Amino acid sequence: MSGPHLSCRGLSKRYGATQALAEVDLDVERGSIHALVGENGAGKSTLGKIIAGVVQPDSGSMELSGRPVHFGSPRQALEAGVTIIAQELSLVPERSVLENVFLGIESSRGPWVLRQALRRRFTELTDSVGIYVDPTAIVGRLGVSDQQKVEILRALARKAELIVMDEPTARLSKSETHALAATMTALAGRGTTFVFVSHFLDEVRGLADTITIMRDSRVVRTAPSADETHDSLIVAMTGRPLDMTFPFKIPPAPDAPVVLDVSGLTSAGRFADVSFSVRKGEIVALAGLVGAGRSDVAHAIYGASSVDSGTMRINDAEYRPSSPRSGLRAGVALIPESRKDQGLILDRPVSDNVTLPYLRDVERFGLISVRAEDEVAEDRSARAGVKTSSVEANVRTLSGGNQQKVLFARTLMRQPVLLVADEPTRGVDVGAKRAIYDLIVDLAAQGMAVLVVSSELEEVLGLAHRVVVMHEGRVVASLDGFVATEESIMQAAFGLSGNGESSA
Amino acid sequence: MNKVGAYARNYGIVWAALLLFLLLAITTPAFLTVDNLRNIMDQQAVTLIVAVFATIVLISGGFDVSLSAVYILAPLVALRMMESNQSGWILMLVGTAVGVLCGLLNGFVVAKGRINAFIATLATSLIIFGLAYLVSGGSILRITNVDMRAIATTKILGITSATWIAVVCVVVAMILLERTRFGRYVFAVGGNRESARLAGVPVDRVVIWAFTLAGLSAGLAGSLNAARTLTAQASDDFGLVFTVIAAVVVGGTSIAGGSGAIWRTVVGVFFIALLGNGFNLNGIDPIVQRIVQGLVILAAVGADAWSRSQRE
C-alpha cells in the first residue's frame, strides 16, 4: 500500500469578504470514490475546483502521489492527471462523440486529422474502460447521462487518473443515475479515483467509499460511507438535530370543494387524456419518471403551453388559459422547474423579482411606487423566509435555497387559489428544503390548492395527500398519499400496474 | 467577486467623463466657455434623443440598426406631403409618425417573426433607405420657409429648443424605464425571456413597444435635424446608428440585454462628444479621432465582457 493519491493540507480560500474554505485537510485514496457533501456554501465546490486547478487556494498545500503540486490552471492539473467535470457540461453539442472525446488531442499529420487513427484510439479507450457510446452520434442529441459518459471518456483520453465531478447527478433520472454509478464503480475498480460533490445523500451513501462532510467552509469529518446514515449526514451537515424532514401532514377537510378539475386534457406528443382534481387545502403530487409529461401538464394548467383538447375548471368555472397572464388572472401561480432559466431575472433585485407579475399592485397614479414595492417585497420575502441583506440585492447573489424562496415570495404577492410547484426543492440544501416544505404545507393549510411536481419519491410521500402518477403522458394511478409507498409509486411510474389502485 | 472591478464597471464611465472634462478645462482655453458648452449640448441633442430610446431596445435584448434609415426617411416624407405650405409643426408631427410606423414594422418583424433583431433591422434598413430614395426622387429637398428653423433653434433660458426636446426625451425615457410596468418588463425580457414569459410578461408586446419608441425617436430626431439644416436628402448613411450604439455601450449598458440605464447613455453621449470637441479644439486629425473612438468602444465592451465572466 502506497500513500494516498491526493493529500491536501491547510487549504484556505477567500472570496472578498467570504471565507469559502478554511484550513481544509483531505486525503483521497487511489481508486476510491470519495464524496464531498455539505449544504450550499459549505465549500465543497470550491474544494473540488481547487483540486482540479480551476481555482487557486490562498494558502495550503497539495500532494499528488506524495509529490507536492501547485496547479495554476486546469491545464496544469490535467497534465498531472487531474481534471474536473463541471455541473454544466462543456462539450461541443454540434459535433460527434468521437470529435468531442479527442478535441485538442487529435491524431494528426500536419493540418490533417487522421480519422482512422482516431477511431482506433476510441475503440481501444472504450474497450479498456468499459464505457460504450456510439462514436458517430452527435453529442447534442444524446441524453444527459450519455453526455456525461462522453465527458468521462474525454477525461480518460487525456490520461486523467483523478476526476472531480461536481453534482454529476443533478440533472439525471433515477435510472441514469444508476448507470453513471455503475460506470464510476467499474472505473474505480481499475484505479481511477473520483472526488464527487453531491446533494443527494442516499445516492452518496450508495456510491461512495468515503464521505467527507463539510460545514461553514471546514471539514466536519471524513469517514467510511458504511459508517454514515442519512440522519448522521444531515446532522453533521446542518450542525443541528433534525428530528423530522417533513412537516406533519394535515389532510384537507372531507367536504373541501374541488378547486382545479382537469378532464381529458390532451396535448399531442406530450400528454393524453389527463384527468384529476385538486381540492381546497389539498396537496396533490404529480409523480412519474422524467419525460412522463408532468411538467407539460403543469405548464398547460398555468397557461404557459396550449392544449389540443380536454377541459379545465377552476372553482367550478370554465378555465381556458391562453397565456401565463390568463393563468395568473384566474388565480393560478407557477413555480417553474428551473429557477434560473424559467423563474428568476438573476440580475435584477429581489424586489423586482417578487413583484414582476403583479406590478399593478404597487402602482400609484400609473407609476411604480418604489416605497410601496419595497414594503410589499420585504413583507412577502420575510413570510417566505428569504434571507437577504436587502430586497435591493440582486437575486444572483443569493444561495439556491433563497432564490427558490424568492419565487415563493412572488406567489404570496396575491393569495392564489392554486399553486403549481414544479420540483420546488431541486438543488437546494437540506435546511432550505425543510423550510420550503413548511411553506407548502402552510399554504395548503390556509386553503390553497397545491399541485407539486416532484421526481423525489421521499418528497412525494412526505408531502402529498394524494399522488397522481404519470407514465408516458398518461395518468396511470391515483394513490392515497397516506398509504402510498415508494414501491407502489414506482410500479405505476414504470407502467407496471395497469389501473389506479385506489382513489382518495 | 472583485469589489474594485465591480465599482470601476459601475461608475468608471462617470469618472472618465469628469476627468476628461477637467483635463479639457485645464489644457484647452476655448473649452470652458458658455458658447462652446452650449454648442456641444445643441450638437448632441439629436444623438441623445435617439440614444436614450435605443438604450431601451438594447436593455430589452434587441438591437436596432434601422434608426439611421428612419432618421433619413422621416423628414423626406413630411416635406413631400406639404409641397407648398411648409410648417414646422407638420414636419415634426409627420416625421414622428413615420418613425412610429417604421418602429412598429421592426417590432412586429422581430417579435412575431422571431428573426434576430440585428439581421431584421439590417433588412428593414435597406427597405427604408430605398423608400427614402423613392420618396425624394434622389434629390435634395429644401425647406424654403426659413422660419421653420425656429423649431430647433429658439433659445429658451439660453438653451436651444433642440436641447430642451432632448432633455424632455431623457426624462421621459428615465421615467418609462425606472418607474413604469413597461420599464420593468423591458429589463425582465432582456434579462431572461422565458422567466419573463412565465411571470406573465407580455413579451411580444414589450418588444414591439420598445422598437416603436426607438422608431419614434429617430423620426423626431430626423425631422428636428432637417428643420435645423433646412434640407433633407436620401442616403445610405449608417453614421447615426454607429454613434448612438457607441454612446450607449460606452455608457455601460450591456449589449447582452437585461441591464443598463438612461443616465449611463447620457454620460456616454457626452463622453464621446467631449472627446470629439477636445480633439477639434486642439486641431487633431479627424482620422486619429476615429481610431481613438474605436479604441474607447472596444475598452467599454471589453469591460462589460470581463465583468460578466467574473460573475460566473
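Residues numbered from 1 in each chain as written. Chains lettered and ligands numbered in written order. Predicted model: local features only at pLDDT ≥ 70, side-chain atom pairs only at ≥ 80, totals over all residues. Heavy atoms only, no water.

**Here's the deal with helix α14 (residues 400-411) of chain A**
Residues and elements named next belong to chain A.
Step number 1: The end-to-end C-alpha distance of α14, which contains 12 residues, comes to 17 Å, matching closely the 16 Å that a straight helix rising 1.5 Å per residue would cover.
Step number 2: Among the 12 residues of α14, 12 are classified as buried, and the element is accordingly described as predominantly covered.
Step number 3: Looking at the buried residues of α14, the elements they touch are β18 (332-335), α11 (339-343), α12 (350-355), α13 (370-384), β21 (418-422) and α15 (430-445). (Helix = DSSP H or I, 4+ residues; strand = E, 2+ residues; numbered from the N terminus. Expected span 1.5 Å × (residues − 1). Buried < 20%, exposed > 50% of the residue type's maximum accessible area, 1.4 Å probe, protein only. Contact = heavy atoms within 4.5 Å.)

**Observations regarding the domain arrangement of chain A**
Step number 1: Under the domain assignment used here, chain A contains domain 1 (6-238), domain 2 (251-331 + 416-504) and domain 3 (342-415).
Step number 2: The centre of domain 1 of chain A, based on its C-alpha atoms, is set 36 Å off from the matching centre of domain 3 of chain A. (Domains from an automatic or database assignment.)

**As for the pattern of salt bridges**
Step number 1: Across all of its chains, the model carries 30 salt bridges over all chains by this definition.
Step number 2: Two residues, R380 of chain A and D379 of chain A, come together in a salt bridge whose shortest N-O distance is 2.5 Å.
Step number 3: Taking the relative accessible area as the measure of exposure, D379 of chain A reaches 34% and is therefore partly exposed.
Step number 4: Salt-bridge contacts for K112 of chain B lead to D204 of chain B; the nearest nitrogen and oxygen are separated by 3.4 Å. Taken as a pair, K112 of chain B in helix α4 (residues 88-113) and D204 of chain B in helix α10 (residues 203-229) lie far apart in primary sequence, 92 residues in all.
Step number 5: For K112 of chain B, a relative accessible area of 52% translates into the label exposed.
Step number 6: Overall, D204 of chain B belongs to the buried group, its relative accessible area being 18%.
Step number 7: Three or more residues are tied together by salt bridges with common partners; here these are R294, E337, E423 and R426 of chain A. (Salt bridge = Lys/Arg side-chain N within 4 Å of Asp/Glu carboxyl O.)

**Things to note about the interface of chain B and chain A**
Step number 1: Listed as interface residues are 23 residues of chain B and, on the opposing side, 30 residues of chain A.
Step number 2: Both faces combined, the contact of chain B with chain A buries some 2300 Å², and carbon together with sulfur accounts for 51% of it.
Step number 3: Of all residues in chain B, R181, R184 and L198 of chain B give up the largest surface area on contact with chain A, accounting jointly for 31% of the area buried on that side.
Step number 4: If you look at where chain B meets chain A, you find 3 salt bridges.
Step number 5: For E373 of chain A, the salt bridge is made with R184 of chain B, and the minimal N-O distance between the two is 2.5 Å.
Step number 6: Here chain B is connected to chain A by 12 residue pairs in polar contact (both at pLDDT 80 or more). (Buried area = accessible area lost by both parts, 1.4 Å probe. Polar contact = N/O pair within 3.5 Å; in protein donor to acceptor, adjacent residues only side chain to side chain.)

**A closer look at the sheet that holds strand β16 (residues 309-314) of chain A**
Residues and elements named next belong to chain A.
Step number 1: What the 4 strands build is an open sheet, ordered β14-β13-β16-β17; its pairing is antiparallel. On the outer flanks of this sheet lie β14 (271-279) and β17 (317-318), each paired with one strand and no other.
Step number 2: For β16 and β17, the ladder comprises 2 bridges, and the chain directions are antiparallel. Looking at β17, one finds that R313 is bridged to E318. (Pairing = 2+ DSSP bridges.)

**What to know about the pairing of strand β3 (residues 33-37) of chain A**
Residues and elements named next belong to chain A.
Step number 1: Within β3, 5 of the 5 residues are buried, which leaves it mostly tucked inside the rest of the structure.
Step number 2: Alternating positions in β3 separate into two faces, I33, A35 and V37 on one and H34 and L36 on the other, with burial throughout.
Step number 3: Bridge count between β3 and strand β10 (residues 193-197): 4 bridges; the pairing is parallel. Counterpart to L36 in the pairing with β10 is V197.
Step number 4: Sheet analysis places β3 next to strand β11 (residues 210-215), joined by 4 bridges and oriented parallel. Bridge assignment links A35 to a residue of β11, and that residue is I211.

**With respect to unusual backbone geometry**
Step number 1: If you check the backbone angles, S217 of chain A has positive phi at about 70° while not being a glycine.
Step number 2: On the secondary structure map, S217 of chain A appears in the loop between β11 and β12 (218-224).
Step number 3: Notably, L157 of chain B is not glycine yet its phi reads approximately 50°, a positive angle.
Step number 4: Assignment of secondary structure puts L157 of chain B in the loop between β2 (155-156) and β3 (159-160).

**Comments concerning a nonpolar patch on the surface**
Step number 1: Side chains of L367 of chain A together with Y11, W15, L18, V167, V171, M174, I175 and W263 of chain B sit close together on the surface and give an oily, nonpolar patch of about 780 Å² of accessible area.
Step number 2: Looking at the nonpolar patch, the elements that each hand over two or more residues are α1 (3-27) and α7 (161-179) of chain B.
Step number 3: Here the element with the most residues in the nonpolar patch is α7 of chain B; it accounts for 4 residues.
Step number 4: Here V167 of chain B shows up in helix α7. (Patch = residues over 30% accessible without salt bridge, like charges linked within 9 Å, V, L, I, M, F, W, Y side chains within 5 Å. Areas by Shrake-Rupley, 256 points an atom, 1.4 Å probe, with all protein chains shown as cover.)

**Here's the deal with the side chain of H34 of chain A**
Residue and element names in this part refer to chain A.
Step number 1: By secondary structure assignment, the location of H34 is in strand β3.
Step number 2: With a relative accessible area of 1%, H34 lands in the buried category.
Step number 3: Here the side chain of H34 touches T212 through a polar contact of 2.7 Å, side chain to side chain.

**Some details on α4 of chain B**
Step number 1: Between its first and last C-alpha, α4 of chain B extends 37 Å over 26 residues, near the 38 Å set by a 1.5 Å rise per residue.
Step number 2: Two to three positions downstream of the cap, the backbone nitrogen of W89 of chain B sits 3.3 Å from a side-chain oxygen, assigning the N-cap of α4 of chain B to S87 of chain B.

**Considering the confidence of the model for chain B**
Step number 1: In this model, chain B carries an average pLDDT of 89, and 95% of its residues clear a pLDDT of 70 or more.
Step number 2: Across the assembled chains, the prediction reports ipTM 0.86 with pTM 0.77. (pLDDT = per-residue confidence, 0-100.)

**Regarding the packing of aromatic side chains**
Step number 1: Scanning the model with the defined rule gives 5 aromatic pairs over all chains in all.
Step number 2: Between F21 of chain B and F31 of chain B the ring centres are 5.2 Å apart and the planes differ by 75°, which places this aromatic pair in the edge-to-face class. Linking F21 of chain B in helix α1 with F31 of chain B in the loop between α1 and α2 (34-59), this pair joins segments that are 10 residues apart in sequence.
Step number 3: A relative accessible area of 0% places F31 of chain B in the buried class.
Step number 4: These aromatic residues form a ring-pair network of at least three members: F129, F238 and F242 of chain B.
Step number 5: For the cation-ring pair, K249 of chain A lies above F482 of chain A, with the distance from its terminal atom to the ring centre recorded as 4.9 Å.
Step number 6: Over the ring of F187 of chain B we find R348 of chain A; its NZ or CZ atom is 3.6 Å from the centre of that ring. (Phe/Tyr/Trp six-rings, centres within 6.5 Å; stacked < 30°, edge-to-face > 60°. Lys NZ or Arg CZ within 6 Å of the ring centre and 35° of its normal.)

**As for the nonpolar core**
Step number 1: Counting 177 residues, the largest nonpolar core has F276, I301 and F408 of chain A together with F53 and I56 of chain B as the members making the most contacts within it.
Step number 2: Taken together, domain 2 (251-331 + 416-504) and domain 3 (342-415) of chain A each give at least three residues to this core, which thus spans both.
Step number 3: With residues up to four places along the chain from it excluded, the contact list for F276 of chain A reads L260, D261, V262, L286, V297, I301, L451 and V468 of chain A.
Step number 4: In terms of nonpolar packing, the next biggest core, distinct from the first, is built from 46 residues, A35, V101, L153 and V204 of chain A among them. (Core = buried A, V, L, I, M, F, W, Y, C linked by side-chain atoms within 4.5 Å.)

**Quick look at the sheet that holds strand β24 (residues 474-480) of chain A**
Residues and elements named next belong to chain A.
Step number 1: Strand order in the open sheet formed by 6 strands is β18-β21-β22-β15-β23-β24, with mixed pairing between adjacent strands. A single partner strand is all that each edge strand has here, and the edge strands are β18 and β24. Pairs of neighbouring strands in the sheet enclose a mean axial angle of 20°, with direction left out of account.
Step number 2: Pairing analysis gives 4 bridges linking strand β15 (residues 283-288) to strand β22 (residues 449-453), with the strands arranged parallel. Paired with A285 across the two strands is V452, which belongs to β22. (Axes fitted to C-alpha atoms, helices over the stretch in contact; angles between N-to-C directions.)

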